[in-house]
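# Secondary and tertiary structure notes
Here's the letter readout for the chains.
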Amino acid sequence: MELVERNGPWGALARLHTRTAAGQGVVALVTGGMATGKTELLREFTADAARDGTLVLSATGSRAEQSLQLGVVCQILHGPSFPDVPVPAPSAVDSVPWDRVVEDPAVVGPHDAPVIRDMCAALLSAAKHRTVVLWIDDIQFVDSATLRVLLYLRRRMSAASILLVLSGWEQRRQTWPSFRAEITRQPHEKITLDLLSLDGVGELITKRLDGPAATRFSPGCHRLSGGNPLLVHALLEDIRDGDLTPRAAYGQAVLTSLHRAGPLPYAVAGAVAVLGEHATPELVGQLVDESADEVTSALDLLSGAGMLDRMAFRHPVVASTVLGALPPGDRSRLHSRAARSLHQEGFGALEIARHLVHADVTGEDWVTTQLAEAAERALADDDVAWAGQCLRLALRGCTDRARRRDIAKSLARTEWRVNPAAAALHMPSLREALAEGTVENRDAVVLARHTLWHGDKTAAVAALGAVTDPQAADELRLAYGWLYGTQDDLPANEASGTPWIQVGGRLASLMVKGRSADVAVGAEHILQSCQLADTTVEIVVSALIALCYADKADKAVFWCDTLADEAQRRNARTWQAVLSAARADIAQRQGDLGLAEAQASAALRMLPADGWGVLIGLPRATLLLAYTAMGRLDRAAEVLRQFVPDRMADTVIGLRWLHARGHYHLATGRPLAALDDFQTCDRQMRQWNIDIPALVPAHSDLAQAYLRLDQRKVARDMVCRQLDRPRAISSRTRGTALRVLAATSDLRQRPGMLMEAIEDLHTCGDRLELARALIDLSEAHQELGEFSRARMHARRAAAEAKACRAEPLTKLLSHGGSFDTKDQRAEAEGVPPLSGAERRVATLAARGYSNREIGRMLYITVSTVEQHLTRVYRKLNVGSRADLPVGLLLSRVPVKGA
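Note that this is a predicted model, so its numbers are computed, not measured.

With that settled, consider the overall build of the chain. When its secondary structure is counted, the chain shows 48 helices and seven strands. On C-alpha atoms alone, the chain measures out to a radius of gyration of 43 Å, which is more than a quarter above the 29 Å that the 2.2 N^0.38 rule sets for 898 residues. Counting only C-alpha atoms, the chain reaches 130 × 90 × 40 Å along its principal axes. Expressed as a percentage of its 898 residues, the buried residues of the chain come to 55%. Sequence separation of 24 or more characterises 68% of the internal contacts of the chain that already satisfy a separation of 6 or more.

Right, here's the structure in full:
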């Protein structure tokens, strides 16, 4: 280890050495904090002295051997460096009756006097012909008999060439105060080693790292080490990729120092780690069963070693390392004592509960009270996980039946935010209270939410009747209406005075009969005014879907992302899951299939399947639609095989599920199965008096199924029924319906209808439906022989399909539309078949490549390209590459590098 900022101590030792060589006995006391470099300094100094011919005799005290009397001095007398002079035999030491010897090192008694006298004589004899440096390290751990020898020697060495160096910790409380008093009563030199300064730390780092790195790391190393060289070196070992973060080496260095410090400093460090910011000498003393004075001495020792800054560790990794090294039983006992001490001192419930949970203790009434109070405060701060931990521990230790029910109800309210399935375990107590007529308002709200979530209409109506808070009741009624499409099953209710509640009550009606602008204004008013809470999640989702209905998908995205961020900040995983499912639905309505898949999958990962209740149909339906449109029919089939609750069929979400499953059946060539799903959907919507195409465009769905069954007239009647209510349908619904209507119409009428559909779909931002309409328009122009227009729309369709990740549409386009072979395509286009070489050249020309580029790509000359194109133009009866058929544009051709 390099010596830094040690010139002063070295110079003092050198001066003392010179005096000793002149025949003057000198004592030096070298002190400092733990691991501040005392041993390294004296090792270097004694090595330098030995090179000058000085006899160096050294020994080290040890806590483990402190009870071994004369053990340290025997290290010297029987060591390899001691000269050939008479020394007491080991038997002389063993013959002393140590049990009758006074323990005080300042007192020499009749039993040990002879051996002490002989040992001192041997040391003095060694210094007769040579200068001697007698170095005792870790003096605080030296046995009392050896200290007696040193005091005996000190009184007789004033004219001997002996430099007695005693090195050890600077401590407020000395192990042997009488020895300290005696040794310092006579002339001596005290040399103190301080912790390194900021410049000293920088100098030390420079010996390991280059200059810029040392400059960068010095402040952090000094702050984290306090100037302790051992800790500085440990920090340098922990540097990873230029990041100075304390890791294993730093933590291990602290632990090593604590073990050396002894049981009390180690225990004090553990208590400080447990108490954290609340640590005081008095509280630490209560945890370790020691007086504040003893604790202060240990704290001074730890501070002198740079491990503590006042009453705190310099980095959290130290506290976690110290706690991790404690046996589990000791750690639990410290936390238990900390909780009791803080409770007696009047600290807050949150801080007390932290220790109770870590201690895992239950049973006493004050423990249950503190845990329940802490849970309420944590829930108010949106720390849902911590609130749950406190309540579960309180419930486990509570034996009073009434109190257990109260705790269980609180736990149900708490766990609802993170996992409704876990909350279900505590619902029986709420149901009992409802049956007995003793349920409180907030518990009735939780029970109503739970029964709504799981589609239990009867129980939901009963629970709603017990909700006494008008605001919560109104919110739950809106959630009921969103889930079941109507509030007719609920008792009549006076109109609420809350404006956004009134708007929410009219929103469904607006979506059926109102204008899009009115719907958008109403939905935004709800999103601006409604506070995100357990009773409003469904209302928020309905407003988001309403914005999509009103062709405001961009605003729906903004609000959904904003609310999702809030849910994440508030640790409400249930809210996050529902909002992620809503974001997936919005993405699917925009034709962003990749995002729809990602968000729906993320939503399903946030909660277990049984935690979703009937709402599981929302992300599952979106996932099914996305996989179907992407052509990943195997994944779509997996979604269909997964469980959905039977009660979902009686909800609006069930309609969305039927809509998604019907389109899967269409994609897999099962139009009759699709027709059955769509008819069921249409029938239920009529029975429930719900006609909101933004949720499910039932008539357009039916028309598509009838088209697959070649029942064009029925299909036309269905889609016309959808279009007969222009105020009640969104641009997306109208655009889709017009595309389907075009498929039932004469060829000459199709382009106009499809252009209208494309305009609507562009307005609403649904790229998937837009790609489908563009493909239909391209094929219509192709059938009419308008190849340039067909090619233009096919190009745009290809771009939209690629952006959507709609693989079936991309494949359809890449194979030239609906034609099966190149000969059929050529025949349909009214042209003779082209040769393979001609088709490759024509395809690249249709894509806009120059003749020179085509030649490079196909490894042919420009002249050959020109000859192929001349024959292609003649066969297709076109004048230039701009008039080439769309089927050539979309053909595949092997090229260089492909």
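What follows continues from the structure just given.
Among the nonpolar cores identified, the biggest contains 99 residues, and Leu-452, Leu-483, Leu-527, Val-540, Leu-544, Trp-612 and Leu-615 are the most heavily contacted of them. Aside from chain neighbours lying at most four places away, what touches Leu-483 is Leu-452, Val-614, Leu-615, Thr-651, Val-652 and Ile-653. With 84 residues, the next largest nonpolar core counts Leu-308, Leu-323, Ala-374 and Ala-375 among its residues.

Our next topic: the pairing of strand S3 (residues 132-137). With six of six residues buried, S3 lies mostly within the body of the structure. Taken together, the six bridges between strand S2 (residues 55-60) and S3 define a ladder with parallel strand orientation. Along S3, the bridge assignment pairs Val-56 with Val-133. Bridge count between S3 and strand S4 (residues 162-169): five bridges; the pairing is parallel.

Attention now moves to the sheet that holds S4. Taken in spatial order, the five strands line up as S2-S3-S4-S1-S5 in an open sheet, and their pairing is parallel. Bordering the open sheet on either side are S2 and strand S5 (189-193), each of which pairs with just one other strand. Ignoring which end each strand starts from, the neighbouring axes of this sheet average 15° apart.

Our next topic: the packing of aromatic side chains. In total, this model carries five aromatic pairs according to the counting rule given. Between Trp-416 and Trp-453, the aromatic rings sit 5.1 Å apart at their centres with planes inclined by 80°, giving edge-to-face as the arrangement. Pair noted here: Trp-416 is in helix H20 (residues 401-416) and Trp-453 is in helix H23 (residues 441-453), with a separation of 37 residues, a long-range link. Residue Trp-416 is classed as buried on the basis of its relative accessible area, which comes to 2%.

The next thing to look at is a negative patch on the surface. On the surface, a cluster of negative charge is contributed by Glu-5, Asp-194, Asp-199 and Glu-203. When you line up the elements, Glu-203 lands in helix H8 (residues 198-206). Glu-203 sits in the partly exposed class, given a relative accessible area of 38%.

Axis separation between helix H36 (residues 671-687) and helix H37 (residues 698-708) bottoms out at 9 Å; the angle between their running directions is 155°. As summarised for this structure, H36 and H37 are arranged roughly antiparallel, according to the angle between their axes. Once H36 is placed against H37, the crossing between them reads as left-handed. In this structure, H36 contributes Pro-671, Leu-675, Phe-678, Gln-679, Asp-682 and Met-685 to the contact, and H37 contributes Ala-698, His-699, Asp-701, Leu-702, Ala-705, Tyr-706 and Arg-708. Class assignment for the residues of the contact of H36 with H37 results in eight nonpolar, two polar and three charged.

A separate point is the pattern of salt bridges. By the definition in use, this model includes 48 salt bridges. With a shortest N-O distance of 2.8 Å, Arg-417 and Asp-382 are connected by a salt bridge. Of this pair, Arg-417 sits in the loop between H20 and helix H21 (420-424) while Asp-382 sits in the loop between helix H18 (365-380) and helix H19 (384-397), and the two are 35 residues apart along the sequence. Exposure class is identical for Arg-417 and Asp-382. Each is buried. In this structure, Arg-767 engages Glu-800 in a salt bridge whose closest nitrogen and oxygen atoms are separated by 2.7 Å. A residue pair is termed long-range when its members are at least 10 positions apart, and Arg-767 in helix H41 (residues 767-783) and Glu-800 in helix H42 (residues 787-804) qualify at 33 residues. Each member of the salt-bridge network shares a partner with another, and the members are Glu-376, Asp-406, Lys-409, Arg-413, Arg-442 and Asp-443.

In this structure, Asp-289 takes a positive phi of about 60° despite not being glycine. By the element assignment, Asp-289 lies in the loop between helix H13 (281-288) and helix H14 (292-304). Looking at Asp-289, the relative accessible area reads 55%, which means it is exposed. Phi angles above zero are rare outside glycine, and Asn-571 is one such case at about 60°. Asn-571 gets classed as partly exposed once you look at its relative accessible area, which sits at 39%.

Further remarks concern helix H11 (residues 248-261). In this model, H11 (14 residues) spans 20 Å end to end at C-alpha, consistent with the 20 Å of a helix rising 1.5 Å per residue. Burial in H11 covers these residues: Ala-249, Tyr-250, Gly-251, Ala-253, Val-254, Leu-255, Ser-257, Leu-258 and Ala-261. On its buried face, H11 sits against S4, helix H9 (211-225), helix H10 (229-238), helix H12 (263-275), H14 and helix H15 (316-325). With its phi angle positive at about 115°, Gly-262 sits one or two positions after the end of H11.

Following the sequence through the fold, Ser-580 ends up in helix H30 (residues 573-589). The class for Ser-580 is buried, based on a relative accessible area of 6%. Apart from the residues within four sequence positions on either side, Ser-580 is in contact with Gln-599, Ala-602, Ala-603 and Met-606.

Two numbers describe a pair of packed helices, the interaxial angle and the distance between the axes. Taken N-terminus to C-terminus, the directions of helix H5 (residues 113-126) and helix H6 (residues 144-154) make an angle of 55°; their axes are 9 Å apart at the nearest point. Overall, the two elements H5 and H6 adopt an arrangement that is oblique. Note that H5 runs across H6; the crossing there is right-handed. Contact residues: H5 offers Ile-116, Arg-117, Met-119, Cys-120, Leu-123 and Leu-124, while H6 offers Arg-148, Val-149, Tyr-152 and Leu-153. Residues belonging to the contact of H5 with H6 are distributed by class as follows: eight nonpolar, no polar and two charged.

Rules of the game
Residues numbered from 1 in each chain as written. Predicted model: local features only at pLDDT ≥ 70, side-chain atom pairs only at ≥ 80, totals over all residues. Heavy atoms only, no water. Helix = DSSP H or I, 4+ residues; strand = E, 2+ residues; numbered from the N terminus. Rg over C-alpha atoms; globule rule 2.2 N^0.38 Å. Buried < 20%, exposed > 50% of the residue type's maximum accessible area, 1.4 Å probe, protein only. Contact = heavy atoms within 4.5 Å. Core = buried A, V, L, I, M, F, W, Y, C linked by side-chain atoms within 4.5 Å. Pairing = 2+ DSSP bridges. Axes fitted to C-alpha atoms, helices over the stretch in contact; angles between N-to-C directions. Phe/Tyr/Trp six-rings, centres within 6.5 Å; stacked < 30°, edge-to-face > 60°. Patch = residues over 30% accessible without salt bridge, like charges linked within 9 Å, V, L, I, M, F, W, Y side chains within 5 Å. Areas by Shrake-Rupley, 256 points an atom, 1.4 Å probe, with all protein chains shown as cover. Salt bridge = Lys/Arg side-chain N within 4 Å of Asp/Glu carboxyl O. Lys, Arg positive; Asp, Glu negative; His and termini not counted. Charge placed at Lys NZ, Arg CZ, Asp CG, Glu CD. Parallel < 35°, antiparallel > 145°, perpendicular 65-115°, else oblique. Left-handed = near helix turned anticlockwise from the far one by under 90°. Nonpolar A, V, L, I, M, F, W, Y, C, P; charged D, E, K, R; others polar. Expected span 1.5 Å × (residues − 1).

Purely geometric stuff here, so don't read any function into it on its own.
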